[in-house]
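Report on the structure
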Amino acid sequence: MSYEEVNDAYRTPVSRVSVDRRSAFITKTYNHLLGAIVAFTLISVYLYQSGLSEKIASFMWSFGTMGQIGMVAAFVGIGWFASRFAGTSDSKAVQYMNLVIFTALYAVFFSPILFVATLKAPGMIESAAGVTLVGSAVLTAIAFFTRKDFSFLRGIVMWGFGLAIIAIVGGMIFGYNLGIWFSVIMIGVSGASILYDTSNIIHHFPEDKYVSASIHLFSSIAMMFIYVLRLFMAFGED
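Remember, predicted model here, so these are calculated numbers, not experimental data. (Residues numbered from 1 in each chain as written. Predicted model: local features only at pLDDT ≥ 70, side-chain atom pairs only at ≥ 80, totals over all residues. Heavy atoms only, no water.)

Tallied over the entire structure, the rule returns 8 aromatic pairs. Between tyrosine 48 and phenylalanine 115, the aromatic rings sit 6.2 Å apart at their centres with planes inclined by 45 degrees, giving tilted as the arrangement. With tyrosine 48 in helix H2 (residues 19-50) and phenylalanine 115 in helix H5 (residues 92-120), this pair connects stretches of sequence that are 67 residues apart. Looking at tyrosine 48, the relative accessible area reads 40%, which means it is partly exposed. For phenylalanine 115, a relative accessible area of 12% gives the class buried. Ring geometry for phenylalanine 182 and tyrosine 227: centres 5.9 Å apart, planes at 75 degrees, overall edge-to-face. Of the two residues, phenylalanine 182 sits in helix H8 (residues 180-203) while tyrosine 227 sits in helix H9 (residues 210-237), which places them 45 residues apart along the sequence. Each member of the pair, phenylalanine 182 as well as tyrosine 227, carries the same accessibility label: buried. Within the aromatic cluster, the residues linked to one another by ring pairs are Phe40, Tyr106, Phe110 and Phe218. (Phe/Tyr/Trp six-rings, centres within 6.5 Å; stacked < 30°, edge-to-face > 60°. Helix = DSSP H or I, 4+ residues; strand = E, 2+ residues; numbered from the N terminus. Buried < 20%, exposed > 50% of the residue type's maximum accessible area, 1.4 Å probe, protein only.)

This next bit is on the environment of tyrosine 96. Structurally, the position occupied by tyrosine 96 is in helix H5. Take tyrosine 96: its relative accessible area is 35%, and that puts it in the partly exposed class. Each C-alpha atom of the pair tyrosine 96 and isoleucine 215 lies 9.4 Å from the other, and the pair is 119 residues apart in sequence. Contact partners of tyrosine 96, with chain neighbours within four places excluded, come to His32, Tyr210 and Val211. At 2.7 Å, the side chain of tyrosine 96 and the side chain of histidine 32 are in polar contact. (Contact = heavy atoms within 4.5 Å. Polar contact = N/O pair within 3.5 Å; in protein donor to acceptor, adjacent residues only side chain to side chain.)

A few words on the pattern of salt bridges. Under the definition given, this model contains 1 salt bridge. Notably, a salt bridge pairs glutamate 207 with arginine 21, separated by 2.2 Å at the nearest N-O pair. Of this pair, glutamate 207 sits in the loop between H8 and H9 while arginine 21 sits in helix H2, placing them 186 residues apart in sequence. According to the relative accessible area criterion, glutamate 207 is buried, its value standing at 11%. Classification of arginine 21 by relative accessible area gives partly exposed; the value is 38%. (Salt bridge = Lys/Arg side-chain N within 4 Å of Asp/Glu carboxyl O.)

The next subject is a nonpolar patch on the surface. Taken together, the side chains of Met97, Ile101, Leu105, Val108 and Phe109 present a nonpolar region at the surface, about 370 Å² in accessible area. Note on placement: methionine 97 falls in helix H5. (Patch = residues over 30% accessible without salt bridge, like charges linked within 9 Å, V, L, I, M, F, W, Y side chains within 5 Å. Areas by Shrake-Rupley, 256 points an atom, 1.4 Å probe, with all protein chains shown as cover.)

Glancing now at the nonpolar core. Ranked by size, the top nonpolar core spans 59 residues in total, and within it Phe25, Phe110, Leu114, Phe182 and Leu229 carry the most contacts. Listed by contribution, the elements that provide at least two residues to this core are H2, H5, helix H6 (124-146), helix H7 (153-174), H8 and H9. A total of 17 residues in this core trace back to one element, the largest contributor, which is H9. Apart from residues no more than four positions distant in its own chain, leucine 114 is found in contact with Phe40, Ser44, Ile125, Phe225 and Leu229. (Core = buried A, V, L, I, M, F, W, Y, C linked by side-chain atoms within 4.5 Å.)

Below, the structure written as structure tokens:
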């Protein structure tokens, strides 16, 4: 078999390959996802214990409402770029570099809200993480057990993130806060994104793109986590 034929074989969607190869792809994807979550946690702990989280939070909060809205914009922007560039390269080295960079960027940009959450209620982060993991597991189970192709959610997810960007820009211009309902809507959009990404992993991803698949999933799960946490924090202020 020629190099081109081997390449084409690996670009075949995993839904069309053998059960063993499909299982290996899914296992690799979720192993890399777990690795990204562990790395994110370790980096976040280091940022907090080193005092860098407090410095980043102080810097962001020095801009008042604009700083907080800018932080939310960074969350959405990193998620978009992570998803956009996750599958653009066939090079494993580039894919791994993207995974490392985006995981580290998420930890840095999430550090202010994690720092504030730690000050408000020590167990709030763990509770938000638990809700996120349970929600992600339920959505993953739906995709795997139904075997339905949720590609139609792509438009909904893109529309949702587009509206989020408009809301963020509006907040920057007119100075209003993004309230509880914004977090609720973004949790829904992130959930749809998890369902869409999981469906793509089952039906459409080539079997050599397991690193890219893990980036997509990590981005969606991280976005859900941060908005669940923002929602918990909003309720905690009442």
